[in-house]
Each structure stands twice: as structure tokens, then as C-alpha cells.
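One-letter residues, chain by chain:
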Amino acid sequence: GTRALVEAYAKDQDLFFKEYAVAHKKLSELGVTWSGADLEKAVRAKLVELYREKPCMPIMVRLAWHDAGTYDKDTKTGGANASIRFEPESTHGANAGLKIARDLLEPIKAACPEISYADLYQLASVQA
């Protein structure tokens with residue numbers, strides 16, 4: 001799973017950068033733009049506001065961790081892609097309670113629709 005991937009990247013940083021470049025190229029070909037500094041700043045500000053109103057940082061870290069944990073090394077699918085929003089991940093017992101975190105992030109997603117759910121979940125963890 002994720003641990004094996006992290007260990008592989010820890011042993012071979014060139015592998016990480018090679019696979020990152022491939023993923024970046026694919027996203028670019030799909031039309032993703034990379035001028036998101038203002039978007040990131042806006043989302044971070046909204047996350048800070050949320051965390052001041054409701055100190056929910058631990059569940060945000062858990063949300064991001066569990067979303068990333070869907071990676072399947074055999075099929076090379078899953079990972080931090082927000083698939084945790086959908087069944088079977090959303091209803092898996094290990095993910096119990098994470099709907100709370102997803103629901104808390106919905107107003108931020110609505111206010112900043114340009115951010116993907118995957119990026120929002122990961123940024124919520126980073127900001128926490």
C-alpha cells in the first residue's frame with residue numbers, strides 16, 4: 001500500500017521525480033493550470049477560519065490519510081484522489097465518522113469550486 005510507495009520513494013528519489021513528472025504531464029494535458037497560488041491562499045484562509053470556529057484539525061488529518069490510503073499497488077489506482085467521497089470507501093468501517101470532515105469542507109468547496117476535492121482534503125490536513 002502507501003507504506004511501500006513511501007519506502008520506494010525514500011530509497012529512490014529519482015523514481016519519485018520521474019513519476020511526479022509523468023503525473024504532472026497528464027494533468028497538464030487534461031487542461032489543469034498551475035497558477036493556483038491565489039486559490040491556495042484563499043482556501044488556506046477559509047481553513048484557518050474553520051479551525052478557529054471549530055477545532056476539527058485531527059479529523060481533517062484523518063480524512064486526508066484515509067483518502068491517500070486507498071492506493072492499490074496492484075492496480076495502481078486510488079490514492080489521494082477524493083474517492084473517499086464514494087462507496088465503497090465512504091461506507092468502509094475504517095472511515096466511520098469521516099463524513100463529518102467532508103461535510104465541514106463543503107462550504108469551502110462551494111466558495112472555491114476551482115479546487116479539487118482531492119486537493120482540498122490534502123490541504124485541509126496540511127493546514128491543520
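Just so it is clear, the structure is predicted and the values come from calculations on it, not from any experiment. (Residues numbered from 1 in each chain as written. Predicted model: local features only at pLDDT ≥ 70, side-chain atom pairs only at ≥ 80, totals over all residues. Heavy atoms only, no water.)

Visitor: Which parts of the structure should I look at to understand helix α4 (residues 57-68)?
Guide: Spacing of three or four residues puts side chains on the same side of an α-helix, whose turn is 3.6 residues. With 12 residues, α4 extends 17 Å from end C-alpha to end C-alpha; this agrees with the ideal 16 Å at 1.5 Å per step. Of the positions making up α4, those classed as buried are M60, L63, A64, H66 and D67. Mapping the buried residues of α4 onto a view down its axis gives an arc of 170°, with all of them on the same face. Residues of α4 that are exposed and point more than 90 degrees away from the buried face comprise P58 and W65. Looking at the buried side of α4, the elements it contacts are α3 (37-53), α5 (98-111) and α6 (117-127). (Helix = DSSP H or I, 4+ residues; strand = E, 2+ residues; numbered from the N terminus. Expected span 1.5 Å × (residues − 1). Buried < 20%, exposed > 50% of the residue type's maximum accessible area, 1.4 Å probe, protein only. Arc of directions from axis to C-beta. Contact = heavy atoms within 4.5 Å.)

Visitor: Explanation requested: the pattern of salt bridges in the structure shown.
Guide: Counted under the stated rule, the structure contains 4 salt bridges. Notably, a salt bridge pairs E7 with R3, separated by 2.9 Å at the nearest N-O pair. Placement of the pair is E7 and R3 together in helix α1 (residues 2-11), with a separation of 4 residues, close to one helical turn. Of the charged contacts, one joins R44 and E40 as a salt bridge, the two residues approaching to 2.8 Å between their closest N and O atoms. Note that R44 and E40 are positioned in helix α3 at a spacing of 4 residues, about one turn of the helix. A relative accessible area of 27% means that R44 is categorised as partly exposed. On the accessibility criterion, E40 (35% relative accessible area) is partly exposed. (Salt bridge = Lys/Arg side-chain N within 4 Å of Asp/Glu carboxyl O.)

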